[in-house]
Amino acid sequence: MEMSKEKQYVMLAFLSAGILSLPACMPKNRTIEGELTMKEAAALELPLDSITTQETSYMQLVDDSTLAFFNKPTYDICLYNLNSRFMESRINLKREGPNAVNGIDAFYVAGKDSLWLYASWGRIIYLLDGTGILREKKEITEDSEKSIGSHPHYSVSPFPTTTAPYIVTNGKHILQGMDGITLNGTLPGATLIYNWEANKATTGNPYPSIYGEADKIQDNWDTFGYRETYYTLNPRHEIVTSFPASDSLYVYSPDNGTTRGYYAGYSGKVNISPGVPSDPDKKVRKFISQHQYSGILYDKFNHLYYRIIRLPGNENTDNVRKELSKKPVGIIILDDNFNKVGEYMLPDDRYYTMNAFVSTNGLHVNTFSENDDIMTFRVFKPSPFKTSNRK
């Protein structure tokens with residue numbers, strides 16, 4: 001099925017948040033005065049073979065030295081050693097036969113012999129062994145499920161990405177995305193937690209008040225621009241969510257259903273407003289003209305959080321599609337109590353901010369490489385703020 005022009009624009013905006021200096025919106029200084037800033041370290045470059053592409057929709061830092069990512073052309077999960085920078089192995093996923101697993105959107109490598117897969121279409125979870133042999137599969141159902149016509153609709157629509165990951169922990173599968181249907185005037189939220197053994201799903205993590213009335217969110221806020229949410233787990237296994245329209249971060253506890261908010265906004269004036277133009281071109285131009293909060297990542301090595309924000313670009317451009325990949329990107333730095341301790345503007349580049357992770361070497365953000373034989377990440381480390389850091 002061919003994707004509509006509007007959906008191509010919106011998805012491109014979601015998948016490719018790049019950066020180019022724009023005098024009207026870029027701060028003169030890359031660093032904002034605070035306790036911490038960031039310094040760039042050596043880039044991570046992973047050599048690719050002729051059948052592996054640098055463009056990937058999903059990746060997982062399996063452990064401190066192993067990165068796994070999905071290679072769509074061969075339908076493989078590639079595992080790279082970050083120390084040697086070479087591929088250690090591939091897990092080939094089958095499209096046909098008794099081990100077929102189609103429509104995969106995300107994965108979770110739980111160990112050498114356990115691989116979980118998630119397919120959004122049909123909301124199916126697959127369990128495979130380390131060689132790609134299918135062990136079991138289940139379809140996620142929830143008590144709040146409704147049917148409209150012949151198609152089921154759900155209270156939460158998971159849309160996993162690297163910065164809205166599919167995580168399996170303590171027997172529970174965490175999936176996050178956006179709101180689905182409104183039930184009895186109450187929107188359950190953005191998170192779905194599935195218990196594999198009990199074959200039961202629960203939803204929660206409500207949208208903050210800036211989104212307005214529950215039954216108007218879908219009409220007032222763009223699907224991939226502001227309804228799609230991002231999260232990480234804190235050391236207590238609570239869900240820390242970055243809602244794209246909110247200056248605050250929200251910590252959701254699945255155990256008791258409580259939510260705590262912490263201000264974590266950008267230092268400059270933030271332009272975010274509801275309203276979704278019906279015209280596709282105007283819709284994308286509005287997206288370009290506004291801020292969007294994006295991924296939230298936890299640095300367990302330095303006990304810090306990094307919140308990504310995409311700044312306004314030039315909505316008056318003649319080339320809307322190109323401008324989508326040029327939105328400036330900033331990093332808001334918070335300590336493990338969510339106190340803001342710094343801010344940093346990334347240098348000019350084309351960043352894919354949905355593909356970001358933290359290792360012992362720092363914050364890694366995927367960038368476009370002119371060389372198709374290399375997957376590139378620019379790497380940034382926290383550093384004490386000094387006057388000399390100001391550029």
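Residues numbered from 1 in each chain as written. Predicted model: local features only at pLDDT ≥ 70, side-chain atom pairs only at ≥ 80, totals over all residues. Heavy atoms only, no water.

S.K.: Give me the packing of aromatic side chains: which residues, what numbers.
M.R.: Tallied over the entire structure, the rule returns 17 aromatic pairs. Taken together, a centroid distance of 5.6 Å and an interplanar angle of 75 degrees make the contact between Phe-70 and Tyr-75 edge-to-face. When the ring of Tyr-305 is compared with that of Phe-338, the centres are 4.6 Å apart and the planes differ by 20 degrees; the resulting orientation is stacked. With a gap of 33 residues between them, Tyr-305 in strand β23 (residues 304-310) and Phe-338 in the loop between β24 (329-335) and β25 (340-345) connect regions that are remote in the sequence. The two residues Tyr-305 and Phe-338 agree in class, both being buried. If you follow Arg-95 out to its NZ or CZ, it ends over the ring of Tyr-75, 4.1 Å from the centre. Seen from the ring of Tyr-293, Arg-307 lies directly overhead, with NZ or CZ sitting 3.9 Å from the centre. (Phe/Tyr/Trp six-rings, centres within 6.5 Å; stacked < 30°, edge-to-face > 60°. Helix = DSSP H or I, 4+ residues; strand = E, 2+ residues; numbered from the N terminus. Buried < 20%, exposed > 50% of the residue type's maximum accessible area, 1.4 Å probe, protein only. Lys NZ or Arg CZ within 6 Å of the ring centre and 35° of its normal.)

S.K.: Explain the sheet that holds strand β3 (residues 59-63) residue by residue, including any values.
M.R.: With respect to topology, four strands assemble into an open sheet ordered β3-β4-β5-β6, the strand pairing being antiparallel. Both edges of this open sheet fall to β3 and β6 (86-92), since each of them pairs with a single strand only. On average, each strand axis in the sheet is inclined to that of its neighbour by 25 degrees, with strand direction left out of account. Bridge count for strand β5 (residues 76-81) against β6 is six bridges, and the pairing is antiparallel. Pairing of Ile-77 across the sheet is with Ile-91, part of β6. (Pairing = 2+ DSSP bridges. Axes fitted to C-alpha atoms, helices over the stretch in contact; angles between N-to-C directions.)

S.K.: Requested: an account of the pairing of strand β9 (residues 124-128), with residues and values cited.
M.R.: Among the five residues that make up β9, five are buried, leaving the element largely enclosed by the rest of the structure. Burial along β9 is two-sided: the residues Ile-124, Tyr-126 and Leu-128 and Ile-125 and Leu-127 are all buried. Of the pairings in the sheet, the one linking strand β8 (residues 114-119) to β9 comprises five bridges and is antiparallel in character. Pairing of Leu-115 across the sheet is with Leu-128, part of β9. Relative to strand β10 (residues 134-139), β9 runs antiparallel, the two being bridged by five bridges.

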